[in-house]
Structure formats: C-alpha cells, structure tokens
Amino acid sequence: MVSGTLFHCRKNSWPPEEYISKATLQLFDFDSAAPPSQAWRRKLNSHASKLKEFSVTFTEAIKMVRLGIRLWSYVREEASYGRKAPIDPFTRERCKPSASQGVPLGGMGSGSISRGFRGEFKHFQILPGTCETSPIMANQFSIFISRDGGNKKYASVLSPGEHEGLGKASDHGISSWGWNLSGQHSTYHALFPRAWTVYDGEPDPELKVSCRQISPFIPHDYRESSLPTSVFVYTLVNTGKERAQVSLLLTWANSIGGVSHLSGDHVNEPFIGEDGVSGVLLHHKTKENPPVTFAVAACETQNVSVTVLPCFGLAEGSRITAKDMWGKMVEDGHFDRENFSKGPSMPSSPGETHCAAVSASAWVEPHGKCTVAFAVAWSSPQVKFMKGKSYYRRYTRFYGTSERAAVDLVHHSLTNYKLWEEEIEKWQNPILNDVRLPEWYKFTLFNELYFLVAGGTLWIDSGVPSSDSVSTRIKRPSNEVKVTKVKSNYKNGVQVEQTAYNGYGEDNHFSSSDKISESIITDCDDVGRFLYLEGVEYIMWCTYDVHFYASFALLALFPKIELSIQREFAKAVLCEDGRKVKFLAEGNWGIRKARGAIPHDLGMHDPWHEMNAYNIHDTSKWKDLNPKFVLQVYRDFAATGDFSFATDVWPSVCAAIEYMDQFDRDNDGLIENDGFPDQTYDTWTVHGISAYCGGLWLAALQAAAAMAMHVGDYSFAEKCKGRLIKAKTVFEAKLWNGSYFNYDSGSSSNSKSIQADQLAGQWYMASSGLPDLFDGVKIKSTLQKIYDFNVMKVRGGRMGAVNGMHPNGKVDETCMQSREIWTGVTYGLAATMLHAGMEEQAFTTAEGIFIAGWSEDGFGYSFQTPEGWTMDGHFRSLIYMRPLSIWGMQWALSMPKTILDAPKINIMDRIQVSPYTPQETGVRKIVEKAKCFNGSIFRCSC
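Residues numbered from 1 in each chain as written. Predicted model: local features only at pLDDT ≥ 70, side-chain atom pairs only at ≥ 80, totals over all residues. Heavy atoms only, no water.

S.K.: Looking at this model, I keep getting lost on the confidence of the model for the chain. Mind explaining?
M.R.: Note that predicted coordinates carrying low pLDDT should not be read in detail. Of the residues in the chain, 86% have a pLDDT of 70 or more, and the chain-wide mean is 88. Of the regions scoring below 50 in pLDDT, residues 1–12 engages in 25 contacts with residues more than four places distant in sequence or in other chains. The low-confidence segment residues 913–934, where pLDDT is below 50, has 46 contacts with residues more than four positions distant or belonging to other chains. (pLDDT = per-residue confidence, 0-100. Contact = heavy atoms within 4.5 Å.)

S.K.: So what exactly am I meant to see when it comes to the pattern of salt bridges here?
M.R.: As a working rule, side chains carrying opposite charge can pair if their charged atoms are close by. This model, assessed by the stated rule, comprises 40 salt bridges. For the salt bridge of Lys719 with Glu658, the shortest nitrogen-to-oxygen distance reads 3.9 Å. Residue Lys719 is located in helix 14 (residues 714–735), and its partner Glu658 is located in helix 12 (residues 643–659); the two are separated by 61 residues in the primary sequence. Note on Glu658: relative accessible area 38%, which makes it partly exposed. Through salt bridges that share partners, Arg194, Arg212, Glu421 and Glu425 make up one connected network. (Salt bridge = Lys/Arg side-chain N within 4 Å of Asp/Glu carboxyl O. Helix = DSSP H or I, 4+ residues; strand = E, 2+ residues; numbered from the N terminus. Buried < 20%, exposed > 50% of the residue type's maximum accessible area, 1.4 Å probe, protein only.)

S.K.: Just checking my understanding: could you explain the nonpolar core for this structure?
M.R.: In this structure, Phe374, Leu449, Tyr532, Phe629 and Trp887 are the most contacted members of the largest nonpolar core, which totals 291 residues. With 16 residues, the single largest contributor to this core is helix 13 (residues 691–711). Viewed by domain, this core spans two of them, domain 1 (18–33 + 42–51 + 96–460) and domain 2 (532–898), each represented by three or more residues. (Core = buried A, V, L, I, M, F, W, Y, C linked by side-chain atoms within 4.5 Å. Domains from an automatic or database assignment.)

S.K.: For this particular structure, what's the right way to read the packing of aromatic side chains?
M.R.: To describe a pair of aromatic rings, one takes the distance between the centres and the angle between the planes. Taken as a whole and assessed by the stated rule, the structure comprises 63 aromatic pairs. Aromatic pair Phe117 and Tyr188: ring centres 6.5 Å apart, planes at 50°, arrangement tilted. Here Phe117, found in the loop between strand 2 (112–115) and strand 3 (121–125), pairs with Tyr188, found in strand 6 (residues 186–191); they are 71 residues apart in sequence, far enough to count as distant. Classification of Tyr188 as buried rests on a relative accessible area of 1%. For the ring pair Tyr222 and Trp459, a centre distance of 6.5 Å and an interplane angle of 80° mean the geometry is edge-to-face. (Phe/Tyr/Trp six-rings, centres within 6.5 Å; stacked < 30°, edge-to-face > 60°.)

S.K.: What's the story with the packing of helix 7 (residues 439–447) against helix 19 (residues 886–893) in this structure? I'm lost.
M.R.: Each pair of packed helices can be summarised by the angle the axes make with each other and by the distance between the axes. The contact between helix 7 and helix 19 brings their axes to 9 Å, and the two run at 120°. Relative to helix 19, helix 7 is oriented oblique. Crossing geometry of helix 7 relative to helix 19 is assigned as left-handed. Listed contacts from helix 19 to Tyr441, Thr444, Leu445 and Phe446 of helix 7 are Ile886, Trp887, Met889, Gln890 and Leu893. (Axes fitted to C-alpha atoms, helices over the stretch in contact; angles between N-to-C directions. Parallel < 35°, antiparallel > 145°, perpendicular 65-115°, else oblique. Left-handed = near helix turned anticlockwise from the far one by under 90°.)

S.K.: How do you make sense of the environment of Gly694 when you look at a structure like this?
M.R.: As for its position among the elements, Gly694 is in helix 13. Residue classification places Gly694 among the buried positions, given a relative accessible area of 0%. For Gly694 and Lys623, which are 71 residues apart along the polypeptide, the C-alpha to C-alpha distance reads 8.5 Å.

S.K.: Can you walk me through the side chain of Ser159 in this structure?
M.R.: Structurally, Ser159 can be placed in the loop between strand 5 (152–157) and strand 6. With relative accessibility at 0%, the residue Ser159 sits in the buried group. From its side chain, Ser159 meets the backbone oxygen of Arg118 in a polar contact 2.7 Å long. Not counting chain neighbours up to four residues away, the residues in contact with Ser159 comprise Arg118, Gly119, Gln140, Trp179 and Leu181. (Polar contact = N/O pair within 3.5 Å; in protein donor to acceptor, adjacent residues only side chain to side chain.)

S.K.: For this particular structure, what's the right way to read the environment of Ile591?
M.R.: Tracing the backbone through its elements, the reader meets Ile591 in strand 24 (residues 589–593). Placed 29 residues apart in sequence, Ile591 and Ser620 show a C-alpha to C-alpha distance of 9.1 Å. With residues near it in sequence (within four places) discarded, Ile591 still touches Glu576, Asp577, Gly578, Arg579, Lys580 and Phe583.

The following block contains the structure:
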C-alpha cells in the first residue's frame, strides 16, 4: 500500500486556478458546472502538433524484407475481396494524427465518436473495425448573444477557427460561419467519462459559459454503460448589468465519418418527444452495412425554447445553405416553430450533404444563471461483419432494434444524466480524494479508460447471430429503461456489488446454429458478448497476449465482462480449426487453430467462428499465450470468488497446461523458446529458456496447482507442484546472474539484456494473492536493476521503461521492439513494484509515461496512447489496448478482500494430499452447489 507521506513533497500540479480565474470558478460552483480540481487540462488555443510515426532502421528493414513482401501481397489479396487486413502498414490515413484528442462520446460497444479538446468531432467508429479519423467540421456547437435590444451582438462557433478545410468567409458552406473564438481564455478539462470546456468571457466578455460533456460509462452498470449517447450541459452565467438573450446551436452532418455524407440517399426528419425533448433524426443509409440513425436534441424547459432546422446544405445550390442558416441565427436567434411540422426531407443526392441544426434559446438575467442541455445519440442496432454474420448490439436489449430508438436514447440521457453523474462521482471520488496519490496518476488512471469506448469496442446482446433470432424485437417496457439507483459502495475506486454472479451456461460459440439456453442465463447473468480491438491500427478482436495486461481494467470495473471474455477463450482452447493459413514471417503453412492452444485473438471478419486473424507467426507455437490464460483465469476466480466460473473453465486450464508439455524438450519441467519471436514481443527473438516466458510458465504452474486444490482435482495439483519444483530450480540456475534474470539462456549478443517485463509472472502471483515465485531479495534486486537501467537511463526516467537494456547501460537495439518503450508494459512494471513495496520507484516509472505521453511537455498522445514510442518519441500503433494496464497499479493499491484474506503459506506446503482416488477428484465434486467467496468484488451472500 502507498505510505501516507510519500507524495506530500510532490507539486500539487495543474490546479484549475492556473487556467481559469477564481472568480469564474466560484460562479460555476453549483450543479457540477465547475471543472474538477484534478483533470487533464489544455487551453483551446494550444497548438495541436502533428504526431511522428516510428520508422525501422536499415538493418531492421533488411531483416524484415521478406515479411514485408508477403504482408504487402496479403494486404492486396484481402483488398481484392473488399476486406481489410488486420495489420496494414502500407495504407495511410488521409488525416494525419495530431495532438488534439479529447474524451470520446458514448458508452461501450455501440460505436463511438471522439471529440478533440478544441471541440471537433472526429474518429467515427460506428461500423466495426472502421475508424474514420478526419473531423466532420459541420458538427459544431455555436453561440449567439444579443444585448441592449439587439444593439450589442456576438456570434461564434465554440471552437477556434484554425482548422484545415475552412475556406473563405464568402463561401456558402461552414466557412461563412463566425469562427471568431481565439481560445485564449477558453480551457478544456478532461476526467473520463466527463469533460468540461469553460469559455471565460469568450466571445462575450460578460458571459461565462461552461459546457459539460457526460457519457454513460458507469462501472458495474451493464445497461447504462452500453448506451450510444452523450449529453452536453451548458451553464450560462451573466455577469453583466443587462439581460442577455443567449442561443446555443448544435449543427450535425448526416455522416458516419469520412466522405460518407456524400454517398446520397440520406434523410433528415424533425421530431418532438416527451418531457420537452425535441430535435432532428438523421437517417444514414450505408452501402453494405445496416443503416444508422442519429438523433440530435435539446431539452425545452420553462426558460429554454427549442427550435430546429431539419435540413440545410453545404453547397451554394442547396435550398437552404449553411450561410442562410447562420444568417437566420444571427438575425433571430432561433428557427421557425413550423419546422417541427415538416416531414422527412427528400433523400440527399450523391455528392450532396444534408445537415441539421438544433437551437436552444434562453434569457439570462443580470447576474443570473441558466442551464441548457443537448444530447447526441446514434442507433446502429445491428453490427455486420465482413464474412456475413450480423448481431444485435447490447443496447437493443433495452431499446429494441428500430433505428428510431435514437429518440428514446436522447430522451433517456437528457432525463437521467444527473443520476449518471452521481454514480460516476461515487466511483471516482475515493481515488481523487486520496491525498497519498500523485495528482497526475489520479486523472491519468481514469483517462486511460477512454480505450474502452474509443478502442473499437463491440458489445452484442447474445451469441446468436441476428439472422437466427426474431427479426424484430419487442422493446422492453419503459419502466425497465429508467436508471435504477442502487446502493453501491466504493473502495479505492472499485465498486463492491451486493449480489452474486452465477456465470454463463455451456453454450458453444463455434457454430452459428447454436442457441443460448434461456434456463441457464438470466437477465442478471447475461451480459452479452464483448469485443475490443488490440488497437485501431491492429484490427484483431480481444488480442489475448495484450488483454493479459489490459484486463485489470475490466476485472475491476466490469468483472462480468471480463469473465465472459475468459469463457470465450476457455471454449476456444478445446476446439481446433483445421483450415490452412499461410504465416507471413517465414512463408510456411499451418492450421488456423490447434486444439489445446489459446488463440491469439477472437478473429476479425468472423469473430468467434474464425479466430486467429493474426498470421505473422504460428501462434500455436507461442510460449506465453497458454500461461497467460491460466494466470488470468486464476486471478479472476480469486478476485470474484465465482466457483461456477472455476468449474466451467477448469477442463480448459488442464488442456492449456498439458499442451505446453511439447515445449519441455529436455524434461526439466521448464519450457524452452524456439529461436524465433514466439511471444508477445513478435520481432524479438528468444533462444532456449527465457525470463519472460519461463517466468510466466512458473507462475502458471503455481496458479494451476492452487486452482486444482479449489476445484478438488488433487492429482493435477500434485502434477503441477512437481513440475514447479523442478522447473524453478532450473530457471534460477540458468538465468539468475546475481542481480536480475538474463533475457534468455542462449549465447546471442542480447542474451544478458535486462528485460523490463521479466517479472510478468511474478506480477500475476502478487495480483492473485499467491506466494512469490522467488525470494524477496531477488525480486527487489531485479526491479531495482530495471529501474536503474531501463527507466532512469532513458531521459532521466521521463519516458517510461525501455524494453531492453544491455548491462553496460546501452539500449538493446537487437530489433525494433527491444529499443521501444511500451506504455502498457511500463504500467505493468510499476504495478509489480507496488506489490513489492517499492512505491517511489513505481510512481516514478509510470510517471514517465505521463510526462512523455500526456503532459504539455510531452509528445501529444493524450487519449490515443500508443503501444509504444522510440527514444525520440515517435509512436507505433496509436489508440492501443495495453495501456489499460495502469489499472494493474490500482489493483495493487486496492486488492479485493478475497485475495487479501487468502492464506499466504507457500503452495508447496498447501498441496499435501492423500493418495489419489478417482472418486474423490475432479470438478464434479463441487458442481452441485457452486458458491462464492465472501468479500469478492461481487460481494456475495452465499
């Protein structure tokens, strides 16, 4: 645990007073309008520099030339079928990435839209595996202010006007709008899943404006967190001596990103909903995917009047142009009420853009305050994969499959966002108020969760393709759609639920004809199926070697989703896919999936049915995947106390351990690597015994032995115990050099390198409440060596931990990955240090990622944390899964009671059993009544 005085000497950095005047902050000190005391902050006029991508050295290029040729050929072949390759380094985005990202919109798994800190909407991920990065500049908030009987007026887009693509003010498109905001007195404050933009006297010096962006990301709430919607709450404070008529405007293009707005056949339609919620529906027709409908709306109140312009265009030939729309708002501050009675617009023609506008107008008295709320929602009920299967998204369980559900979604969000905020604050406040923790850590911990929304997540309602289920679902009764306030307790940001989880049934996900048993899965238990990408550049679902690091976030916040992912992989272990695949690294052929091997990923174009989209190497020969499965399963079991889960996955655990026998070629109990990059570092070759894979194997044996004891399989426990005793002796004899474990037991130039990730297995032992793999002296010596060399010898500890470092203090440049700094590995290393009681080293190590990636002095990777960067800060693979491992640090700081209370005696002493008798072993012994541990993160009353 963190000591009480360790960080008192640190600067309490980035207070809001450095960005906003105290007087303005006091004016917003109500209704959550003021930004929090701890947040990631930027001025709106901050320069959004272009990001620099990594490049390979000449030597690396020579080594990879054959792979490059095969990969290029494969990318072209996939393109000929209209498909993307999972890894495509040859195609570049039209919009170069820049340091301008902010908190994304929406819940998890129903598509997402990112919003830059300057106000632009971009990175549209409405369709699975597709990210349209370019901003849609017509999507804007604007403000119109009239004082003194109209003699004093202000009008401006609420985003600085320095954007690419803006033409001359005489144009009839968005260039004709008032891009008058300098951003000098406007600031952005991010604390995911909320963000605040404060306009401190811009454009009207006597009007203070706060915009609060709220999305329904609520830990342990498996309904609200699936909703594709966000709310924007504007708080207006008039500091002048005269009334001000203020109109806020939201404009939105009928687009799902890129150039989709030009494809034609799109329709806009006004609507008036319940409780004053009204706006415009934008029906978007796609070419090969299910349609999408956006709803943009505002909430009318006693003081707020809502009007709409259902359709305007961006070209001179449009019936109503963007210039006409702007002129109407400048002149009147609202649209005509008759617009609500207009029906659907004529479908757009190819090359024509349909946009919509929603205006909310109010009078603000001198020294008065007013609140105006907008919402955006998108209904994309069906997700279709490239190889044909379609599924309903999770939110359709509560809102049905009609595209018009978008109306219900904006209504629900505008009438319930305050309840969302209550739950969000209840979750976050214990961490934010913990004075022992450094400030950068608190808000970075929450902000790294952006990936669970913007990381291409998909959350479907069940395992049944939509073509196999009823074509039109009945919408749930309206009383089931409301937010239910539940009693929930938080400890260090981790919620303790009041009910137990009984787990999934035995549905098989490898045949499209399979059905889920209604008798086994209840509404409470069924959280659907969840997918998230390795990264927006590496399009593979639930990449397992990376999920090993990222899974701490899901386990802490959405444990039922975490267990469901582990069940998917558990089922996959026992299956084989004999279809032939060409592996690009060597050009050899093999089968797609071997029985007993953990798949690298759940697939790309046909997830669950065609796994292992990754085809660089044959991952059935990788040495880290199976141990990682055993370690994650045991950790999740120990944390949740879910015996049903344990018994369900136990056969797969046994199969995963036994599969690894083939890699112990000298019968010493320890697996050997095969002289190629056969683990998550897939360009970094390993020879013989390795610290990384060997350590994971030792940890997996100990976890399997412990789990075997819990499920009653004592013979398997004895088997794992025997292997562990034998293997550990060999491991230490061959790799321990007195201060750390060598990279591998080979004789290559980097065999004695210091690998930052060498104690990954020990990390999981500590995280699971199991005994240490090695004595404390060796663990601390190794961590100190990594800290002194991999961390502090790289820019004085201001960049994170480099993957490989020679013992002479020079970076290991054996390959591209050995010389990189991996963000998620650095966070995992810091978590290991916390478990070892090395708090100062831990936070200094992790702070390097914050300084290089998130701070104003860094490289600009906020809300797009890459897999890694080079010594000069050039990135590889933006918006990547692994940095979620920062939640491994929080796990170390707030271990669940089930783990803290577990016996700490050595596993060698725990496994003392009577001679094996078949009738007393096996998982059947406890299946009759599966129970949960008291004090688990589910808090069960079994």
